[in-house]
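Okay, here's what each chain looks like letter by letter:
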Amino acid sequence: MAVTPVDLALYRLSSPENLGCSLAASCVAEAATYPFEVAKVRLQIQGSRELLPGELRFKGMFDAMYKVGRYEGAPALMAGLPSGLLRHSIAGTMRLGLYEPTVNYLNYGTTTKPSDPDEIKEVQLWQRMLASSSTGAVAMVFANPADLVKTKLQSSIKPAPGQHIPFTGTVSCFKHIVSTEGWVGLFHGLKIAVPRMAWQNMAEVTAYDLTKDLLRKHYDMQDGLPLFFLGSLSAGFFGAYLGNPLDVIKTRIYQNPMGPDGKPLFKGPMDVFTQLVRKEGFFALWKGVVPLWIHVSAFSVAVFVTYDMLRLEVRKMKARRDGHKV
């Protein structure tokens, strides 16, 4: 007796299930690709000021990873990981977990798709872009404190003899910021972090979603590892090259050292942009783009493939409970 194929798309995930998948996928991706991000940050801050005694200079991503690991110790490649996991527990869960309900709301006026296949409508490009940018922006508002701490820890260098850094880990960095700047200091850089996250999330998620739909439509690909992998490669490319300028500005705002006059080197995002282009050239806005591309591509593969594979497995479990063989 032939087994009738079951349409797994008919099995919907509840909000807790969807958010749980996005939480797990975000944390797995962050831990797996973290050394690339450390290298990216160290490359981006290079050139913003004179080198300090004993500070390393890097020629590229792999050179940065090698030198940081050799001269500062392997743990330096994972500096700030707890804050990174906290950041993605918040931002990753919201930007992915809320995307589909937001798209559905823009398309149907409700957060869930209609159960009747005849009522399903094609998602428009503007709906994907608006949903991904808005969920990314909202997520960053809540995740900014953890992102700020992570960037400070990633950019801290090994102190020269007789010098010390005022924090040694995630908790001490949080305490240092609050004690020196107050609670409002945890939201330092929000003006650039929110549009940066909205822009990059729009590029990544829209590219991922649109690529999957095009591959389904023109190449008859079904949900599974090959489809999710190709979609995530597209997300990594567009996310990195469109998002790098704002990422460079955000990193320098977060790191923002004191100038010779004892005041912060940069007054704000536009000041970073002006000084960067004037002193280092226009293409300095893409400084670290190769490590960012490698990191974002690796992260996109890890997060999107894990996210959609987990969601696929949840749908299969529900189908098996109904007696289907999948």
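Shown above is the structure to which this text applies.
These numbers come from a predicted model, not from an experiment.

### Regarding helix α8 (residues 225-255)
No. 1: When the terminal C-alpha atoms of α8 are compared, their 38 Å separation across 31 residues is substantially less than the 45 Å that a helix rising 1.5 Å per residue should span.
No. 2: Most pronounced at N244, the bend in α8 amounts to some 55 degrees, and the proline P245 follows within four residues.

### Regarding the packing of aromatic side chains
No. 1: Tallied over the full model, the rule gives six aromatic pairs.
No. 2: Each ring, one from Y208 and one from F304, has its centre 4.2 Å from the other, and the planes form 15 degrees; the classification is stacked. Residue Y208 is found in helix α7 (residues 190-219), and its partner F304 is found in helix α10 (residues 289-321); the two are separated by 96 residues along the sequence.
No. 3: For F304, a relative accessible area of 1% gives the class buried.
No. 4: Each ring, one from F283 and one from W286, has its centre 6.5 Å from the other, and the planes form 45 degrees; the classification is tilted.
No. 5: Ring-pair connections join several aromatic residues into one group, and the members of that group are F237, F238 and Y241.

### Quick word on the environment of K318
No. 1: Its location among the elements puts K318 in helix α10.
No. 2: Assessed through its relative accessible area of 15%, K318 is described here as buried.
No. 3: Put simply, K318 and L43 are 275 residues apart on the chain and 46 Å apart in space, counted from C-alpha to C-alpha.
No. 4: Excluding residues that lie within four positions of it along the chain, K318 makes contacts with Y11, R12, L13, S14 and E17.
No. 5: Polar side-chain contacts of K318 include one of 2.6 Å to the backbone oxygen of R12.

### Topic: the pattern of salt bridges
No. 1: Counted according to the given criterion, the structure contains 20 salt bridges.
No. 2: Across the pair R128 and D209 runs a salt bridge, and its minimum N-O distance is 3.1 Å. Here R128 is found in helix α5 (residues 125-155), whereas its partner D209 is found in helix α7, with 81 residues between them in sequence.
No. 3: Exposure remark for D209: the relative accessible area of 16% places this residue in the buried category.
No. 4: Residue R196 is joined to D247 by a salt bridge in which the shortest nitrogen-to-oxygen separation is 2.6 Å. You can see R196 sitting in helix α7 and its partner D247 sitting in helix α8, a full 51 residues away along the chain. In this pair, the class of R196 matches that of D247, namely buried.
No. 5: Residues joined by salt bridges that share partners form a network here, namely E30, E37, R87, D147, K150, R196, D247 and K250.

Rules of the game
- Residues numbered from 1 in each chain as written.
- Predicted model: local features only at pLDDT ≥ 70, side-chain atom pairs only at ≥ 80, totals over all residues.
- Heavy atoms only, no water.
- Helix = DSSP H or I, 4+ residues; strand = E, 2+ residues; numbered from the N terminus.
- Expected span 1.5 Å × (residues − 1).
- Bend = angle between axes of the 7 residues up to and from the residue.
- Phe/Tyr/Trp six-rings, centres within 6.5 Å; stacked < 30°, edge-to-face > 60°.
- Buried < 20%, exposed > 50% of the residue type's maximum accessible area, 1.4 Å probe, protein only.
- Contact = heavy atoms within 4.5 Å.
- Polar contact = N/O pair within 3.5 Å; in protein donor to acceptor, adjacent residues only side chain to side chain.
- Salt bridge = Lys/Arg side-chain N within 4 Å of Asp/Glu carboxyl O.

As far as function goes, none of this settles anything; it's purely spatial.
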